[in-house]
Amino acid sequence: MDQQAQAELAWAAAAIAVDTGDDPAALAARQRLAPLLAGIGDPFLHAVSQLAMAWTLPIADDIDGALRELTVTLEELRGQDEPVFTAIAAFTAGSMETAVGRHDDALRHLREARDLADRSGSDRLAAASRAELGILAVLRGSLDEARALLDEALELSLAAFSTPFVAMSLAGYARLAFAEGDPQRAARLQGAAEGMRRRVGLPAWPHLRRAESELVAQVRQALGATRFDRAFAAGLNLNQREAVAIVRDRSDTDTQAA
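Residues numbered from 1 in each chain as written. Predicted model: local features only at pLDDT ≥ 70, side-chain atom pairs only at ≥ 80, totals over all residues. Heavy atoms only, no water.

K.L.:
I would appreciate a short explanation of the nonpolar core in the present structure.
P.N.:
Side chains of a nonpolar character, in soluble globular proteins, are inclined to be buried together. In this structure, W11, L70, M168 and L170 are the most contacted members of the largest nonpolar core, which totals 86 residues. Per element, the largest residue contribution to this core is ten residues, and it comes from helix α9 (residues 163-179). Non-local contacts of M168, meaning those with residues more than four positions away in its chain, are made with F91, A128, A131, E132, R197, W205 and L208. (Core = buried A, V, L, I, M, F, W, Y, C linked by side-chain atoms within 4.5 Å. Buried < 20%, exposed > 50% of the residue type's maximum accessible area, 1.4 Å probe, protein only. Helix = DSSP H or I, 4+ residues; strand = E, 2+ residues; numbered from the N terminus. Contact = heavy atoms within 4.5 Å.)

Right under this line is the structure:
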């Protein structure tokens, strides 16, 4: 195959591996793609290849490196009038910036992602950007705004029949519950998000894992290991309807472990 064909296969392999949680395959695809980047003549292929490279770096916890690569990606995509992939890149950047406390940069990128998603008519991207904006609002102390954004994200995710984005919304509600002083509810909702992901075999994307892991550690510390494990396990067993009912305050399936 010529160099462009090799690059097309390598970037697709990296994207699929990241999406399905196959970290070794994602890193292997990055190694194949890296030496091909300089020879890619097609502007769109070069930009999405750079994006796929950035997706793989959080696997090794290299958020700074990923953000550097995303900066290049966004510069290339913005000049191509490509709203979908620009929104994906902006969402990825905003998620990582949220995780490392760069809140002003995150807000700018996540708003860009939301606006582009709305323009392109992508319910999934619209849901993702709103869910992450909701998480950012929690971190900035704007809890009412966070709930409104997460409500929008959840409704869009349900309308799109997207388990990964419903799970992402639930993880956002878990962070909101913790900020509101209810760590047991937070553990249950984070467990529900994890349970949904496990059942479909699609773990959290690498760029979301750090923030969720930090939340789990904080909630575990607040509850203690035993109470956390009970609440988290109860959440794992919730189906989508039950989990959604909790965030809509229609029911509470927790056993209220002491």
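K.L.:
What should I look at first to understand the environment of R220 in this one?
P.N.:
Structurally, R220 is set in helix α11 (residues 206-223). Overall, R220 belongs to the partly exposed group, its relative accessible area being 33%. Between the C-alpha atoms of R220 and G79, which are 141 residues apart in sequence, the distance is 45 Å. With near-sequence residues (within four places) excluded, R220 lies in contact with A225, F228 and D229. Within the structure, R220 has its side chain in polar contact with the side chain of D229 (distance 3.1 Å). (Polar contact = N/O pair within 3.5 Å; in protein donor to acceptor, adjacent residues only side chain to side chain.)

K.L.:
Explain α11 to me, please; I cannot follow it from the model alone.
P.N.:
Residue pairs three or four apart in sequence face the same way in an α-helix, which turns once every 3.6 residues. A rise of 1.5 Å per residue sets the reference length of α11, with its 18 residues, at 26 Å; its end C-alpha atoms lie 26 Å apart and thus fit the reference within 8%. The set of residues buried in α11 consists of P206, H207, L208, A211, E212, L215, V219 and L223. Where α11 terminates, the next one or two residues include G224, which has phi positive at roughly 90 degrees. (Expected span 1.5 Å × (residues − 1).)

K.L.:
Sorry if this is basic, but what is going on with the packing of aromatic side chains here?
P.N.:
The relation between two aromatic rings is expressed through the spacing of the ring centres and the mutual angle of the planes. Inspection of the entire model under this criterion finds four aromatic pairs. Ring geometry for W11 and F85: centres 6.2 Å apart, planes at 75 degrees, overall edge-to-face. Here F85 lies in helix α5 (residues 83-99) and W11 lies in helix α1 (residues 3-20), a separation of 74 residues in the sequence. Overall, W11 belongs to the buried group, its relative accessible area being 17%. Here the aromatic rings of F44 and F85 are separated by 5.4 Å at their centres, their planes lie at 80 degrees, and the arrangement is edge-to-face. (Phe/Tyr/Trp six-rings, centres within 6.5 Å; stacked < 30°, edge-to-face > 60°.)

K.L.:
Any chance you could explain the pattern of salt bridges here in plain terms?
P.N.:
Where side chains of opposite charge bring their charged atoms close, a pairing between them can arise. Counted according to the given criterion, the structure contains 16 salt bridges. Across the pair R147 and E180 runs a salt bridge whose closest N-O atoms are separated by 3.4 Å. Residue R147 is found in helix α8 (residues 143-159), and its partner E180 is found in the loop between α9 and α10 (183-200); the two are separated by 33 residues along the sequence. Of the residues examined, E180 reaches a relative accessible area of 42% and is grouped as partly exposed. (Salt bridge = Lys/Arg side-chain N within 4 Å of Asp/Glu carboxyl O.)

K.L.:
Mind showing me how you'd approach the side chain of S95 here?
P.N.:
Residue placement: S95 occurs in helix α5. Under the relative-accessibility criterion, S95 is labelled buried at 1%. Not counting residues within four places of it along the chain, the set of residues in contact with S95 comprises L110, E132, H207 and L208.

K.L.:
How should the packing of helix α6 (residues 103-120) against helix α7 (residues 123-139) be read in this particular structure?
P.N.:
Packed helices, taken two at a time, are described by their axes: the angle between them and the distance between them. Running from amino to carboxyl end, α6 crosses α7 at an angle of 155 degrees, the nearest separation of the two axes being 8 Å. In this view, α6 runs roughly antiparallel relative to α7, as classed from their interaxial angle. Remark: the crossing between α6 and α7 carries left-handed chirality. Counted together, H103, A106, L107, L110, R111, A113, R114, A117 and D118 of α6 and L125, A126, S129, R130, E132, L133, L136 and L139 of α7 form the full contact between these two elements. (Axes fitted to C-alpha atoms, helices over the stretch in contact; angles between N-to-C directions. Parallel < 35°, antiparallel > 145°, perpendicular 65-115°, else oblique. Left-handed = near helix turned anticlockwise from the far one by under 90°.)

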